[in-house]
Amino acid sequence: MRRTPVHVVAATVLATFVAAAEGPAPRPALRAAVAASLADVGWLSGKWVVENGETYSEEWWSAPSGDSMVGAWRLSRSGRAKLFELLTLMEEERRVVLRIRHFDAKGVAWEEKDRPLVLPLVEKGAGRAVFEGMEGDGLLRISYRREAETLTVEIEKPERPLQRFRFGRAGS
C-alpha cells in the first residue's frame, strides 16, 4: 500500500479550511436607499409605448395615491404576448420601494409567491430615478429617465448586455 506524504495531506486539509473560511463569493454591495416620497417619482405617471418592427412594448403608471403607485409593462412580438410585469411603488419609512413580479403570456408567475423583486430607490433627481436590488445572486439596477415626452428605461444585470427601452408618451 502506498502512503500519501504528510505534507500533501496537510496542504489538502489547510486548503479545505481556507476555502470553508472564505465562504461563498461576496454579493455585490447595494447602495443605501435615499430618503424620498412618491412626489419624487410621480413624473412616471402616464402611458408609455415603443414599437420597433414586430416588437411592441408598453408601460403605464398610475398617479400617486396615498402611499402607492401601480404600474404594468407588457412585451409582445409579432402580435403575441411574451411577458408581463406588475409593478408597485410604495412609500415606506421615508423611502420609495419598487416591487416587480413577472408573468409569462399565460399568467404564470416567475417569482415565488412570497418573493417579488424588491428594489429601493437609491438615486433620484429631476426626471431621474434609479432602483437597485438583488435578483438571485446578482445586482439588478433599473433606471428611469424622463425628458419631455420620452421615458428611457435601462435594465442592468451583471454579465448581461444593457437593455434600453426608449418610450414615447402614448397619444403624443
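Reading the values: the criteria
- Residues numbered from 1 in each chain as written.
- Predicted model: local features only at pLDDT ≥ 70, side-chain atom pairs only at ≥ 80, totals over all residues.
- Heavy atoms only, no water.
- Phe/Tyr/Trp six-rings, centres within 6.5 Å; stacked < 30°, edge-to-face > 60°.
- Helix = DSSP H or I, 4+ residues; strand = E, 2+ residues; numbered from the N terminus.
- Buried < 20%, exposed > 50% of the residue type's maximum accessible area, 1.4 Å probe, protein only.
- Salt bridge = Lys/Arg side-chain N within 4 Å of Asp/Glu carboxyl O.
- Pairing = 2+ DSSP bridges.
- Axes fitted to C-alpha atoms, helices over the stretch in contact; angles between N-to-C directions.
- pLDDT = per-residue confidence, 0-100.
- Contact = heavy atoms within 4.5 Å.

**Side note on the packing of aromatic side chains**
Going through the model one piece at a time under the given rule, you end up with 4 aromatic pairs. Taken together, a centroid distance of 6.2 Å and an interplanar angle of 85° make the contact between F131 and Y144 edge-to-face. With F131 in strand 7 (residues 128-135) and Y144 in strand 8 (residues 138-147), the pair connects residues that are 13 residues apart, well separated along the chain. Each member of the pair, F131 as well as Y144, carries the same accessibility label: buried. Here F165 and F167 contribute two aromatic rings whose centre-to-centre distance is 6.1 Å and whose plane-to-plane angle is 25°, an arrangement assigned as stacked. You can call F167 buried: its relative accessible area is 1%. Members of the aromatic cluster, connected to one another through ring pairs, are W61, F131 and Y144.

**Considering the pattern of salt bridges**
Considering all chains together, one arrives at 14 salt bridges under this definition. R31 is the partner of E123 in a salt bridge, and the nearest nitrogen-oxygen pair spans 2.9 Å. Of this pair, E123 sits in strand 6 (residues 117-125) while R31 sits in the loop between helix 1 (6-22) and strand 1 (46-52), and the two are 92 residues apart along the sequence. You can call E123 partly exposed: its relative accessible area is 25%. One network of salt bridges, in which partners are shared, links R31, E123, R128, E132, R141 and E156.

**Quick word on the pairing of strand 1**
In the sheet, strand 1 pairs with strand 2 (residues 55-61) via 7 bridges, with the strands oriented antiparallel. Of the residues in strand 2, the one forming a bridge with W48 is E59. Turn length for the strand 1-strand 2 hairpin, with the two strands adjacent in sequence and antiparallel, is 2 residues, and the turn residue G53 shows positive phi of about 65°. Pairing of strand 1 with strand 10 (residues 163-169) involves 2 bridges; the strand directions are antiparallel. Following the sheet pairing, V49 is matched in strand 10 by G168.

**With respect to the sheet that holds strand 9 (residues 150-156)**
The 10 strands lie next to each other as 1-2-3-4-5-6-7-8-9-10, forming a closed barrel whose pairing is antiparallel. Adjacent strand axes in the sheet meet at a mean angle of 25° when their direction is disregarded.

**What about the confidence of the model for the protein chain?**
In this model, the protein chain carries a mean pLDDT of 87, and residues with pLDDT of at least 70 account for 83%. With pLDDT under 50 throughout, residues 4-21 is counted as low confidence; its partners more than four residues away or in other chains account for 1 contact.

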